[in-house]
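# Descriptive analysis of the structure
Each chain, written out:
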Amino acid sequence: MAVRKAVSRRSVLKKAAAAVGGGAAAGLLGGDPTAAQAQAPAVLTGTQAGRRFRAFMCFQNPPNTSIQDARSSVETVTMRALHPDRIVVRTEAAQVCYTIVGQVVGNYTPPAILGHSAVGIVEAIGSRVRRVEVGDRVLLANTPQCGVCYNCLRGRSDRCMNTRIEPDVIGTLADGTEVIQQHDRGGFAELIVTPEQYAIPIFYDVPPVELSMLGCSGACGLGTTIGVAPVEVGADVVVLGCGPLGLAAVQGARIKGASQIIAVEPIAARRAVAQQLGATTVIDPNVDTDNVVARIRDLCRGPSARTWAGGRPAAQPGPDFVVEAVGGDIFPPKEVAGPDPTGVLSLQWAWQLCSSAGHVTTVAVSQRGTFSVPAGQWSNGSKNHHPGNFNGVSTLRDVQLFARLIEKGQFNARALGPDTFPLDRTKDALQVVADRTTVGAAIVFS
Ligand SMILES: [Zn+2]
Ligand SMILES: [Zn+2]
């Protein structure tokens, strides 16, 4: 496969030259904001001050606000001068994660642009930026990778500590109100101003919407199978939850050569997708809920109880790998709900299911409450627990490989986010994701 840049720098430079002759300066000087949006990509480092772009902004909300009632709107932001360590990206697509449905009803002062991952084209770079070049198509991942902090140097760049650069006010509204990006990346905006450690230049030919699925849940789900606890050939794998994260884990297990992949999911349409993507058995946790763990363990007995010949006692069945990708409900779903809205039951199940020397990987979020583990097992057992969002994914190294899996048809990213919405319908996108009437969605920009 020829490694190539997805977007030619020459075309960006050409557009820049055309726009320079087209009166784009009007926007910079406070004229028609539409003209400002059409202005040239800046191909040199230096100031970006005065550029205008549209962004989905969130303001202050009282507790218990609904998504539709949330105080948020698409506003025009005027950019400040570019920090030497930041880049400017023109957004092509941004994944709508389930976690964001809770953030949109949050309380923001100053107002914030949401969206914690995105795909786009680099239009300008600060004077100290080295990783990316103008014209690159980049994925802005949910986790940065600086390469030099304490965790990055210990193989856990997914827990990189260099997540922000001060000052993080990147622009202002028309009335002078300062604007931030909630995660120092505001994917729900025409332009993103972010530190370079979030950016991964992509050298494979993958459409932006598919690529955007790797920004958070896709890479996170694949990370459960290639990261800290890589799935082994011929293994039994259980995936609890078949949202975008779980569906990525199902595919990761298949790609790694698992022989049995058991997917547990209450929504029938999602179970069907899981089967199409590689699940060998699907289970509805709302059916015979009290015996779900026993049923799954029974499916993972292995071929023999002859312990002198590689077998295990009949009383100790269980999968080699368990991936917990359920999490707590932020809003009650319109689609069928699972057996536990707090998300705690699936954590309990994950521990109970796991074989005596197996691996439990937990990556979902928004759980509420606690669960218990037998103290003796916790102290002196042999189950391996691996928590954490990207679960050991080295973004700069692994996301490139994940993009290759998409390009080669080995990983179906579109299955994680089949619905797309324009920026003006961001609330609608968040609503269908909250309702779970879709597997996932992306905001797209033309
Ligand atoms: Zn996310
Ligand atoms: Zn780091």
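Above this text you will find the structure in question.
Summarised in this report is the structure supplied together with it. (Residues numbered from 1 in each chain as written. Chains lettered and ligands numbered in written order. Predicted model: local features only at pLDDT ≥ 70, side-chain atom pairs only at ≥ 80, totals over all residues. Heavy atoms only, no water.)

## Looking at the coordination of the zinc ion (ligand 2)
Each donor-metal-donor angle would ideally measure 109.5 degrees in four-coordinate tetrahedral geometry, or 90 or 180 degrees in six-coordinate octahedral geometry. To be explicit about the condition: Donor selection uses N, O and S atoms within 2.8 Å of the metal (3.2 Å for Na, K and Ca). Since no water is included, sites may look incomplete. Metal sites are grouped by the angles between bound donors: all angles between 85 and 135 degrees with four donors is tetrahedral, opposite donors over 155 degrees apart with the others between 65 and 115 is square planar for four donors and octahedral for six, and any other pattern is irregular.
All of the protein donors around the zinc ion (ligand 2) are C146 (SG), C149 (SG), C152 (SG) and C160 (SG); their distances to the metal are 2.3 to 2.4 Å. Classification of the site at the zinc ion (ligand 2) as tetrahedral follows from its four donor atoms and the range of 103 to 118° in their angles at the metal. Sequence spacing among the residues donating to the zinc ion (ligand 2) works out to C-x2-C-x2-C-x7-C.

## Comments concerning the pattern of salt bridges
Our working rule: One side-chain nitrogen of Lys or Arg within 4 Å of one carboxyl oxygen of Asp or Glu is enough to make a salt bridge. Here a strand is any run of E in DSSP of at least two residues, a helix any run of H or I of at least four, and the numbering for each starts at the N terminus.
Counting across every chain of the model gives 15 salt bridges. With a closest N to O distance of 2.9 Å, R128 and D85 form a salt bridge. Remark: D85 occurs in the loop between β2 (72–79) and β3 (86–96) and R128 occurs in the loop between β5 (118–125) and β6 (137–140); sequence separation between them is 43 residues. Between R301 and D298 there is a salt bridge; the shortest N-O distance is 2.6 Å. In the salt-bridge network here, residues are joined through shared partners; they are R51, R90 and E123.

## Looking at helix α8 (residues 268–277)
Helical periodicity: at 3.6 residues per turn, an α-helix aligns residues three or four positions apart in one direction. The following threshold applies: Relative accessible area decides the class of each residue, using a 1.4 Å probe on protein chains only: under 20% of the type maximum gives buried, over 50% gives exposed, and in between gives partly exposed. The arc under discussion is defined with respect to the helix axis, by the directions toward the C-beta atoms. Pairs of residues are marked as contacts when any of their non-hydrogen atoms sit within 4.5 Å.
Along α8, the residues classified as buried are R270, R271, V273, A274 and L277. The arc enclosing the buried residues of α8, seen along the axis, measures out at 160°, which places them on a common side. More than 90 degrees from the buried face of α8, the exposed residues found are A269 and Q276. In this fold, the buried residues of α8 make contact with α7 (244–255), β12 (260–264) and β13 (281–283). With its phi angle positive at about 135°, G278 sits one or two positions after the end of α8.

## Topic: the sheet that holds strand β1 (residues 52–58)
Within a sheet, neighbouring strands are paired by backbone hydrogen bonds and run either parallel or antiparallel to one another. Which entries qualify depends on this criterion: Paired strands are those between which DSSP finds at least two bridges.
Read once around its circumference, the closed barrel built from five strands follows the order β1-β2-β7-β8-β4, with strand pairing classed as mixed. Here β2 runs beside strand β7 (residues 169–172); their pairing, made up of two bridges, is antiparallel. Bridge pairing links M79 to G171 in β7.

## As for the coordination of the zinc ion (ligand 1)
The protein atoms that coordinate the zinc ion (ligand 1) are C97 (SG), H116 (NE2) and C216 (SG), at distances spanning 2.0 to 2.2 Å. Here the donor residues of the zinc ion (ligand 1) are spaced in sequence according to C-x18-H-x99-C. Pair noted here: C97 is in the loop between β3 and α4 (98–103) and C216 is in the loop between α5 (208–212) and α6 (217–226), with a separation of 119 residues, a long-range link.

## Quick look at the pairing of strand β11 (residues 236–240)
To keep things clear, this is the line we draw: When the strands point away from the viewer and the connection leading from the first strand across the helix to the second strand turns clockwise, the crossover is called right-handed.
Of all five residues that make up β11, five are buried, and the element is covered over most of its length. Of the two faces of β11, the one holding D236, V238 and L240 and the one holding V237 and V239 are both buried throughout. Where β11 and β12 come together, five bridges link them in parallel fashion. Counterpart to V238 in the pairing with β12 is I262. With α7 bridging β11 and its parallel neighbour β12, the resulting β-α-β unit is right-handed. Of the strand pairs in this sheet, β11 and strand β14 (residues 321–324) are connected by four bridges, and their pairing is parallel. Residue V237 lies in a different strand from β14, and its bridge partner there is F321.

## Concerning the packing of aromatic side chains
Heads up, the condition is: Note on ring pairs: Phe, Tyr and Trp rings are taken, using the six-membered ring of Trp, and paired if centres are within 6.5 Å. Classes follow the plane angle, with under 30 degrees stacked, over 60 edge-to-face and the rest tilted. Placement of a charge over a ring requires the Lys NZ or Arg CZ to be within 6 Å of the ring centre, with the centre-to-atom vector within 35 degrees of the ring normal.
Throughout the structure, instances matching the rule amount to two aromatic pairs. When the centroid spacing of 6.4 Å and the interplanar angle of 65° are considered together, the rings of F56 and F188 count as edge-to-face. Here the residue F56 occupies a position in strand β1, and F188 occupies one in the loop between β8 (178–181) and β9 (191–195), the gap between them amounting to 132 residues. Here F56 and F188 have matching classes, each one buried. Residues W351 and W378 carry aromatic rings whose centres are separated by 5.9 Å and whose planes lie at 45° to one another, so their mutual orientation is tilted. In this pair, W351 sits in helix α10 (residues 344–353) while W378 sits in helix α11 (residues 375–380), placing the two residues 27 residues apart along the sequence. For W351, a relative accessible area of 8% translates into the label buried. The aromatic ring of Y198 is capped on one face by R185, whose charged end is 3.9 Å from the ring centroid. In this structure, R436 is placed above the aromatic ring of Y98, and the distance from its NZ or CZ to the ring centre is 4.9 Å.

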